[in-house]
Amino acid sequence: MIANLRYHCLVEVTDNESTKILRCTMRGKQKGIVCGDRVELTINEEGIGVIESFLERKNELARPNMRGRKEVLTANLDQLIIVAAVKPVFDPELIDRYLATAELMPTEIILVLNKMDLADDKTVRTWEEFKNLPYTCIETSTAIAAHPGIEELKSHLHNKISVLVGQSGVGKSSILNSLIPGQDIQTQELSKALNEGKHTTTVASSYIINPEDSLSGRVIDSPGVRDFAPPPIPADDVAQGFIDIRVYGEACKFRDCQHLREPHCAVKVAVDEGKISNRRYKSYRHLRDLMEKLYRPY
Ligand SMILES: Nc1nc2c(ncn2[C@@H]2O[C@H](COP(=O)(O)OP(=O)(O)OP(=O)(O)O)[C@@H](O)[C@H]2O)c(=O)[nH]1
Ligand SMILES: [Mg+2]
Ligand SMILES: [Zn+2]
């Protein structure tokens with residue numbers, strides 16, 4: 001499924017080696033399908049597809065909705081490309097939340113710092129902390145003609161379904177335009193978008209990097225967010241989403257240590273010694289607090 005446009009959706013259909021995009025209607029239960037879903041459909045007399053069902057999902061990218069329930073954004077992903085930038089604002093805690101979500105799905109992760117042409121020292125220092133984590137980190141700029149970092153990013157997309165996520169205005173759609181020249185995906189000047197308080201990309205849509213090369217990979221562009229969190233989970237599971245806390249936590253005295261006030265906590269020691277950044281530890285505490293409020297075990 002390429003995109004759910006609310007009243008209909010676009011589905012990529014392949015038969016006998018040829019691939020086309022079919023406009024389909026959904027009924028009742030199928031309204032919940034999301035970009036990345038695999039669907040079964042029939043074609044009616046007018047040549048319009050009707051979604052009959054969707055197949056079981058390998059994984060889901062989800063977040064809490066306004067009522068604190070799980071809302072699925074996209075499905076069946078191999079990789080999350082978490083995009084950050086100095087403008088509109090560099091928000092490392094948001095990156096931590098995407099990282100935790102990806103670790104818990106689980107899925108592979110790439111971190112991108114876009115708008116390197118604008119980067120300042122403070123942002124670069126915090127970015128260095130992320131580079132100390134065991135993730136692929138790529139620095140890009142779509143504003144510089146040579147598009148630094150884009151070829152490197154492309155080399156990680158082969159044969160995978162990846163999704164671009166991050167704050168509104170960090171340049172997700174611009175990155176996709178650099179990856180697939182000629183697609184002309186809509187992007188918007190920040191001042192305009194922010195003044196009108198709206199996001200340029202409004203629905204998640206999937207693109208093939210190179211239609212001639214079936215192994216080139218696919219990338220889903222998704223609408224930007226202001227705020228993000230993993231879907232509701234027990235607070236005690238949050239540590240699993242922080243790879244540094246998870247690794248140091250193996251040496252804690254208590255197997256179920258939550259790294260809060262327990263004695264002989266290896267995570268607290270690692271934070272004191274600067275091996276885990278204090279900022280990451282704070283993100284962990286905040287996300288735990290949030291999940292304590294959101295998660296209802298029924
Ligand atoms: N200086 C600079 N500006 C950039 C860069 N990449 C993108 N921009 C600009 O940032 C603005 C927002 O880019 P978009 O690609 O629309 O951002 P987005 O993340 O897709 O935003 P949403 O669709 O709202 O989530 C546009 O004006 C782009 O031209 C970059 O590397 N450097
Ligand atoms: Mg966009
Ligand atoms: Zn501990």
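Here's what I pulled together on the structure shown here. (Residues numbered from 1 in each chain as written. Chains lettered and ligands numbered in written order. Predicted model: local features only at pLDDT ≥ 70, side-chain atom pairs only at ≥ 80, totals over all residues. Heavy atoms only, no water.)

For the chain, the helix and strand inventory stands at eight helices and 13 strands. Taken along its principal axes, the extent of the C-alpha atoms in the chain is 70 × 50 × 40 Å. Burial status across the chain gives 47% buried among its 298 residues. For the chain, restricting intrachain contacts to residue pairs at least 6 apart in sequence, the fraction spanning at least 24 positions comes to 62%. Total accessible area on the chain is roughly 16000 Å²; 49% of this is exposed by carbon and sulfur atoms. Each charge class in the chain was averaged separately, 39 positive and 42 negative side chains, and the resulting centres sit 6 Å apart. (Helix = DSSP H or I, 4+ residues; strand = E, 2+ residues; numbered from the N terminus. Buried < 20%, exposed > 50% of the residue type's maximum accessible area, 1.4 Å probe, protein only. Contact = heavy atoms within 4.5 Å. Areas by Shrake-Rupley, 256 points an atom, 1.4 Å probe, with all protein chains shown as cover. Lys, Arg positive; Asp, Glu negative; His and termini not counted. Charge placed at Lys NZ, Arg CZ, Asp CG, Glu CD.)

It is worth spelling out the pattern of salt bridges at this point. Close approach of charged atoms allows side chains of opposite charge to pair. Scanning the entire structure with this criterion turns up 20 salt bridges. Note that K275 is salt-bridged to E273, the shortest N-O span being 2.7 Å. The pair formed by K275 and E273 is uniform in burial state, with each residue classed as exposed. (Salt bridge = Lys/Arg side-chain N within 4 Å of Asp/Glu carboxyl O.)

The subject of this paragraph is the site of ligand 1. Close contacts around ligand 1 come from 24 residues, with D117, T142, S168, S174 and T201 the closest. K172 is positioned such that a nitrogen or oxygen atom in its side chain is 2.8 Å from an oxygen atom of ligand 1. Protein contacts shield 87% of the accessible area of ligand 1, which totals 660 Å² for the unbound molecule. With three residues, the top contributor of residues to the shell around ligand 1 is helix α4 (residues 172-179). A breakdown of the residues in the shell around ligand 1 according to their chemical character gives five nonpolar, 15 polar and four charged. (Near = heavy atom within 4 Å. Polar contact = N/O pair within 3.5 Å; in protein donor to acceptor, adjacent residues only side chain to side chain. Nonpolar A, V, L, I, M, F, W, Y, C, P; charged D, E, K, R; others polar.)

Now for the coordination of the zinc ion (ligand 3). At 2.1 to 2.4 Å from the zinc ion (ligand 3) lie its protein donor atoms, namely C252 (SG), C257 (SG), H259 (ND1) and C265 (SG). Here the zinc ion (ligand 3) binds four donor atoms, and the angle range of 103 to 114° at the metal identifies the geometry as tetrahedral. If you list the donors of the zinc ion (ligand 3) from N- to C-terminus, the spacing comes out as C-x4-C-x1-H-x5-C. We note that C257, like H259, is buried. (Donors = N, O, S within 2.8 Å, 3.2 Å for Na, K, Ca; no water. Tetrahedral: all angles 85-135°; square planar, octahedral: opposite > 155°, others 65-115°.)

So, about the packing of aromatic side chains. Applying the stated criterion to the full structure yields three aromatic pairs. When the centroid spacing of 4.1 Å and the interplanar angle of 15° are considered together, the rings of Y98 and F228 count as stacked. Of this pair, Y98 sits in helix α1 (residues 92-104) while F228 sits in the loop between β13 (218-221) and α6 (243-249), placing them 130 residues apart in sequence. Each member of the pair, Y98 as well as F228, carries the same accessibility label: buried. (Phe/Tyr/Trp six-rings, centres within 6.5 Å; stacked < 30°, edge-to-face > 60°.)

Let's shift gears to the coordination of the magnesium ion (ligand 2). Any two of four tetrahedral donors ideally make an angle of 109.5 degrees at the metal, while pairs among six octahedral donors ideally make 90 or 180 degrees. Summarising the metal site, the magnesium ion (ligand 2) is bound by the protein donors S173 (OG) and T201 (OG1), whose distances to it range over 2.0 to 2.1 Å. Taken as a pair, S173 in helix α4 and T201 in the loop between α5 (190-195) and β12 (205-208) lie far apart in primary sequence, 28 residues in all. When sorted by exposure, S173 lands in the same class as T201, which is buried.

This paragraph deals with the packing of α1 against helix α8 (residues 278-294). Between α1 and α8, the least distance of the axes is 10 Å, while the angle of their chain directions is 65°. Note that α1 runs across α8; the crossing there is right-handed. Across from P92, E93, D96, R97, L99 and A100 in α1, the residues of α8 making contact are R279, R280, S283, H286, L287 and L290. Looking at side-chain class alone, the contact of α1 with α8 contains five nonpolar, two polar and five charged residues. (Axes fitted to C-alpha atoms, helices over the stretch in contact; angles between N-to-C directions. Left-handed = near helix turned anticlockwise from the far one by under 90°.)

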